[in-house]
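These are the residues of each chain, in order.
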Amino acid sequence: LAAGETMSEVASKIEDDGAVEAIIKQIVWKWSLTKTAWMVMDADKSGGVLFKDFQRGLMLSGVERVSLDKVRMVWNLLNPGDCEEVGYKAFKLVFSQWTRKHGSPEHKKNMSNPLQNDDLELIVSDTTSRTGNSPKSSKIIYRNEVRELKRQLKEAQKAAEIFKAEWESCQTLLKKDQLQRQKEDAGIQKMIEDIKNESLREREALEQQLREAKQTQSSIEPESKSEDQENELLHSQVQALEKELTSCLLSSEKVLQRFVPT
């Protein structure tokens, strides 16, 4: 607030904004009655209107796109205390003022469509002037709810298509990863089999060498025994010859002693 300004003066300045005034007129022209407008804003029947509820209510009122700054300006008019939510009493107080200012037959007759303002970029679903009769609010709300649900359905379908594409991409990557792992596992398995086969061949070769060594040993042992026997025989013959030679020498000495004088 500027120095010396009251809340009513500030509100009056905000309402003088062409875009804000156009939004207010659209709400008033759309629902006319305070209770009907409240039913639209408080759709969940919680007894209070949050800012997000108010945004949804604007869309159901025929305002499908508007700058956020302008929406907050209108919200601040409904919520001068800057509370988290607006109750019915505060809503009725402000909306009644709007209906008195913008809802009379004279205003509706003399004013052009409020949404055709150069300062406001709006897309409206219904810009025709209303009659003085009370609207069939339940049917209007239902029709707007259906339109909103269809829009949400389209967005959900788009999101589902995006999710499906991402899921299929993930599945493709997963399959590639599985194939790569299978190839790696097959290579490792082949390596293990090759090592086993090589070990088996080496074992068989060693066993064959062992069998041949045993056979060679078996063939050498009899020859060794035969050689030992021959050696023993020769040794005994040598000993016999040595004895015989010794005996001959002794005999020779005796003969010589007999013929050689002492």
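Keep in mind that this is a model prediction, so the values were computed, not measured. (Residues numbered from 1 in each chain as written. Predicted model: local features only at pLDDT ≥ 70, side-chain atom pairs only at ≥ 80, totals over all residues. Heavy atoms only, no water.)

Asks: Which parts of the structure should I look at to understand the packing of helix H4 (residues 51-60) against helix H5 (residues 68-78)?
Replies: Axis angle and axis distance: for two packed helices, these are the angle between their axes and the distance between the axes, and together they describe the pair. Following both chains from N to C, one finds H4 and H5 inclined at 110 degrees, their axes separated by 11 Å at the closest point. By the angle between their axes, H4 is roughly perpendicular relative to H5. H4 and H5 meet at a crossing whose hand is right-handed. Every residue of H5 that contacts H4 at Phe51, Phe54, Gln55 and Leu58 is listed here: Leu68, Val71, Arg72, Val74, Trp75 and Leu78. Looking at the contact of H4 with H5, its residues break down into eight nonpolar, one polar and one charged. (Axes fitted to C-alpha atoms, helices over the stretch in contact; angles between N-to-C directions. Helix = DSSP H or I, 4+ residues; strand = E, 2+ residues; numbered from the N terminus. Parallel < 35°, antiparallel > 145°, perpendicular 65-115°, else oblique. Left-handed = near helix turned anticlockwise from the far one by under 90°. Contact = heavy atoms within 4.5 Å. Nonpolar A, V, L, I, M, F, W, Y, C, P; charged D, E, K, R; others polar.)

Asks: What am I meant to see in the packing of aromatic side chains here?
Replies: Aromatic ring pairs: the centre-centre distance and the angle between the two ring planes describe each pair. One pass over the structure, following the stated rule, counts six aromatic pairs. Ring plane angle 75 degrees and centroid distance 5.3 Å describe the contact between Trp38 and Tyr88, whose orientation is recorded as edge-to-face. Note that Trp38 is positioned in helix H3 (residues 34-41) and Tyr88 in helix H6 (residues 88-102), a separation of 50 residues in sequence. Taking the centre distance of 5.5 Å and the plane angle of 10 degrees together, the rings of Phe91 and Phe95 count as stacked. Remark: Phe95 and Phe91 occur in helix H6; sequence separation between them is four residues, near one turn of the helix. The residues Phe91 and Phe95 share a single accessibility class, namely buried. Three or more aromatic residues link up through ring pairs in this structure, and these residues are Trp38, Tyr88, Phe91, Phe95 and Trp98. In this arrangement the basic side chain of Lys30 is found over the ring face of Trp31, its NZ or CZ atom lying 6.0 Å from the centre. Taking NZ or CZ as reference, Arg72 lies 4.4 Å from the ring centre of Phe51, over its face. (Phe/Tyr/Trp six-rings, centres within 6.5 Å; stacked < 30°, edge-to-face > 60°. Buried < 20%, exposed > 50% of the residue type's maximum accessible area, 1.4 Å probe, protein only. Lys NZ or Arg CZ within 6 Å of the ring centre and 35° of its normal.)

Asks: Which parts of the structure should I look at to understand the packing of helix H2 (residues 18-31) against H5?
Replies: Look at H2 against H5: their axes get within 9 Å of each other, and the N-to-C directions meet at 65 degrees. When the axes of H2 and H5 are compared, the crossing they make is right-handed. For the pair H2 and H5, contact is made by Ala19, Val20, Ile23 and Ile24 and by Lys70, Met73, Val74 and Leu77, respectively. Grouping the constituent residues of the contact of H2 with H5 by class yields seven nonpolar, no polar and one charged.

Asks: How should the environment of Met41 be read in this particular structure?
Replies: Tracing the chain through its elements places Met41 in helix H3. By relative accessible area, which is 2% here, Met41 ends up buried. As for Met41 and Gln55, which are separated by 14 residues in sequence, their C-alpha atoms are 8.5 Å apart. Discounting residues that sit within four places of it in the chain, Met41 has contacts with Ile27, Val49, Asp53, Phe54, Gly57, Leu58, Ser61 and Phe91.

Asks: Just checking my understanding: could you explain the nonpolar core for this structure?
Replies: Side chains that are nonpolar tend, in soluble globular proteins, to be buried together. Counting residues in hydrophobic clusters, the biggest one holds 28 residues, and the most contacted among them are Phe54, Phe91 and Trp98. For this core, the secondary-structure elements that each account for two or more residues are H2, H3, H4, H5 and H6. (Core = buried A, V, L, I, M, F, W, Y, C linked by side-chain atoms within 4.5 Å.)

Asks: What is the right way to read H5 from this model?
Replies: Of all the residues in H5, the buried ones are Lys70, Val71, Val74, Trp75, Leu77 and Leu78. Along the long axis of H5, the arc covered by the buried residues comes to 155 degrees, so they all point the same way. (Arc of directions from axis to C-beta.)

Asks: Teacher, can you tell me more about a positive patch on the surface here?
Replies: Positive charge collects at one region of the surface, where Arg147, Lys150, Lys154 and Lys158 lie side by side. As for its position among the elements, Lys158 is in helix H8 (residues 137-259). (Patch = residues over 30% accessible without salt bridge, like charges linked within 9 Å, V, L, I, M, F, W, Y side chains within 5 Å. Areas by Shrake-Rupley, 256 points an atom, 1.4 Å probe, with all protein chains shown as cover. Salt bridge = Lys/Arg side-chain N within 4 Å of Asp/Glu carboxyl O. Lys, Arg positive; Asp, Glu negative; His and termini not counted. Charge placed at Lys NZ, Arg CZ, Asp CG, Glu CD.)

Asks: Would you mind going over unusual backbone geometry with me for this structure?
Replies: Where the residue is not glycine, phi is negative for most of them; where a peptide bond is considered, it is trans in most cases. Non-glycine residue Ser32 carries a positive phi angle of around 65 degrees. Following the sequence through the fold, Ser32 ends up in the loop between H2 and H3. Here the phi dihedral of Asp82 falls at roughly 55 degrees; this positive angle occurs in a residue that is not glycine. With respect to the helices and strands, the residue Asp82 is situated in the loop between H5 and strand S2 (85-87).

Asks: Whenever I open this one, the pattern of salt bridges confuses me. Can you help?
Replies: Where side chains of opposite charge bring their charged atoms close, a pairing between them can arise. Overall, the coordinates contain five salt bridges when judged by the stated rule. Measuring nitrogen to oxygen at the nearest pair gives 3.3 Å for the salt bridge that ties Lys190 to Asp194. Placement of the pair is Lys190 and Asp194 together in helix H8, with a separation of four residues, close to one helical turn. Looking at Asp194, the relative accessible area reads 39%, which means it is partly exposed. Of the charged contacts, one joins Arg201 and Glu198 as a salt bridge, the two residues approaching to 2.6 Å between their closest N and O atoms. With Arg201 and Glu198 both in helix H8, this residue pair falls three residues apart, about one helical turn. Note on Arg201: relative accessible area 48%, which makes it partly exposed.

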